[in-house]
Amino acid sequence: MTRIVVSKFGDVREEQIKSILDNMNETYERMRPREVELVDAFVFENSSLFRDFLSGEKMRLGVFDNFDSDFPAIHDAWRGIPRISFCMDKLNHLNDLVATGTVRHEVGHSVLHGSLEYYIFQTPPALSRVEEKHRLAPEYTRNILYLIAIAVKDYEVTDLLYSHGYQDDQVAYAQSLLEPSSNDLLAWQMAKGHPLAEVICIAGRMKDLLCAAPIIRSPNVSGEKLDKQAKSGLFYLPPELAKKVIEVAWQASDPAKASTHLKVEIASKILCDELFDQILGRT
Ligand SMILES: [Zn+2]
């Protein structure tokens, strides 16, 4: 039995907390993870409280990631136990199915990635090679590694939830990610023509593609639908590049059994060798 300890930040209605807890409890109940005894659920009234807390935690714990959290919910295990933070103003904007899928997605992380080791990755050899060849700053390489790691972890979460019968909400969740956000579009407008920035944009979209990959692999209508949406969601990239991005994303999400850390190493090799090296080599 997983015990959930709730902490509230700001003005959050009790029924909102209850709805999140019901969803979390039902998901733990179905998956019955042996290792997850205790989970922290931090519920924030709004994005600004959420961001202040996150940046404070990152500073206090020396957590490296340069990316601002724009998510309605986020999982971490920086203090050694799984913690899920929910941002109510963002969660309330989602339709019910996507919101349910979001909560379950974070529960999935707590089951699979609920300890500190899933937040610490050594630079894979392929990434070191690219770093050396293109004289990249170590901080830049760490950003790429961070984006690859979260993509691989999202692949694992969808795979877990989908195989436990959470299909409609996981399809809805993946669809919401495949649709490019205004930030994705703006980031690409600013990045195009600049190889370093282009690679960051593409690595950032791997999370969305890999999250959908287990569903796309499944031989059913949802898989076909998401496959089309994955392709159309990259409409803003040059067609040849979009095709290549999809191709490497599917290669990088090979369902072979391997540890999370090994999967990150394999995905890094595919992405670096097949795509990033070429983009970074452009002058
Ligand atoms: Zn995730």
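Residues numbered from 1 in each chain as written. Predicted model: local features only at pLDDT ≥ 70, side-chain atom pairs only at ≥ 80, totals over all residues.

## Some thoughts on the environment of Gln175
Okay, step 1: By the secondary structure assignment, Gln175 is in helix α7 (residues 168-178).
Okay, step 2: With 20 C-beta atoms packed within 10 Å, Gln175 lands in the buried category.
Okay, step 3: When the C-alpha positions of Gln175 and Arg282 are compared, they lie 32 Å apart, and in sequence the two are 107 residues distant.
Okay, step 4: Setting aside residues no more than four positions away along its own chain, Gln175 makes contact with Leu226 and Gln229. (Helix = DSSP H or I, 4+ residues; strand = E, 2+ residues; numbered from the N terminus. Buried ≥ 20, exposed ≤ 12 C-beta atoms within 10 Å, placed from the backbone. Contact = placed C-beta atoms within 7 Å.)

## What to know about the environment of Ser253
Okay, step 1: Turning to its location among the elements, Ser253 is positioned in the loop between α11 (239-252) and α12 (260-281).
Okay, step 2: Its 27 C-beta neighbours within 10 Å are what place Ser253 among the buried residues.
Okay, step 3: For the pair Ser253 and Ile148, spaced 105 residues apart in sequence, the C-alpha separation works out to 11 Å.
Okay, step 4: Beyond its immediate stretch of four places on either side in the chain, Ser253 contacts Tyr155, Leu210 and Ala213.

## Considering the pairing of strand β4 (residues 83-87)
Okay, step 1: For β4, the tally of buried residues reaches 5 of 5 residues, placing the bulk of the element in the interior.
Okay, step 2: Along β4, one buried face is formed by Arg83, Ser85 and Cys87 and the opposite face, lined by Ile84 and Phe86, is buried too.
Okay, step 3: Here strand β3 (residues 73-76) runs beside β4; their pairing, made up of 4 bridges, is antiparallel. Within β4, the residue paired with Ala73 across the bridge is Phe86.
Okay, step 4: Here β3 folds back onto β4, and the loop between the two strands holds 6 residues, one of which, Gly80, carries a positive phi near 90°. (Pairing = 2+ DSSP bridges.)

## Quick notes on the environment of Leu127
Okay, step 1: By the secondary structure assignment, Leu127 is in helix α5 (residues 125-133).
Okay, step 2: Since 24 C-beta atoms lie within 10 Å of it, Leu127 is described here as buried.
Okay, step 3: Placed 17 residues apart in sequence, Leu127 and Ile144 show a C-alpha to C-alpha distance of 8.5 Å.
Okay, step 4: If we skip the residues at most four places from it in the chain, Leu127 touches Thr141, Ile144, Leu145, Ser268 and Cys272.

## Some words on the nonpolar core
Okay, step 1: In terms of nonpolar packing, the biggest core is built from 70 residues, with Phe86, Ile148, Ala151, Ala174, Leu210, Ala212 and Leu271 touching the most fellow members.
Okay, step 2: Two domains share this core, each providing at least three of its residues, namely domain 1 (1-120) and domain 2 (123-283).
Okay, step 3: Dropping the residues within four chain positions of it, Ala212 is found in contact with Ala174, Leu177, Leu178, Leu226 and Ala230. (Core = buried A, V, L, I, M, F, W, Y, C linked by C-beta atoms within 7 Å. Domains from an automatic or database assignment.)

## Comments concerning the sheet that holds strand β1 (residues 3-9)
Two pairing modes exist for strands in a sheet, parallel and antiparallel, and in both the strands are linked by backbone hydrogen bonds.
Okay, step 1: Spatially, β1-β2-β4-β3 is the arrangement adopted by the 4 strands of the open sheet, whose pairing is mixed. Because the sheet does not close on itself, it has two edges, and the strands there are β1 and β3. Pairs of neighbouring strands in the sheet enclose a mean axial angle of 20°, with direction left out of account.
Okay, step 2: For strand β2 (residues 38-44) and β4, the ladder comprises 5 bridges, and the chain directions are parallel. From the neighbouring strand, Ala41 faces β4, where its bridge partner is Ile84.
Okay, step 3: Contacts between helix α4 (residues 96-112) and the sheet are confined to β2, β3 and β4, with β3 contributing the most and set at about 5° to the helix. (Axes fitted to C-alpha atoms, helices over the stretch in contact; angles between N-to-C directions.)

## Comments concerning the domain arrangement of the protein
Okay, step 1: Taken as a whole, the protein is organised into domain 1 (1-120) and domain 2 (123-283).
Okay, step 2: Each of domain 1 and domain 2 has a C-alpha centre, and these two points are 23 Å apart.
Okay, step 3: Among the elements of the structure, α1 (14-31) and α4 are those that each provide at least two residues to the side of domain 1 that touches domain 2.
Okay, step 4: Partitioning the side of domain 1 that touches domain 2 into residue classes produces 7 nonpolar, 8 polar and 4 charged. (Nonpolar A, V, L, I, M, F, W, Y, C, P; charged D, E, K, R; others polar.)

## With respect to the packing of helix α6 (residues 138-163) against α12
Okay, step 1: Relative orientation of the contacting elements α6 and α12 amounts to 120°, with a least axis distance of 9 Å. Looking at the two axes, α6 sits oblique to α12. Along this stretch, α6 crosses α12, giving a crossing that reads as right-handed. Between α6 and α12, the contacting residues are Ile148, Ala149, Ala151, Val152, Lys153 and Glu156 on the first element and Thr260, Lys263, Val264, Ala267, Ser268 and Leu271 on the second.
Okay, step 2: In the contact of α6 with α12, the residues fall into 7 nonpolar, 2 polar and 3 charged. (Parallel < 35°, antiparallel > 145°, perpendicular 65-115°, else oblique. Left-handed = near helix turned anticlockwise from the far one by under 90°.)

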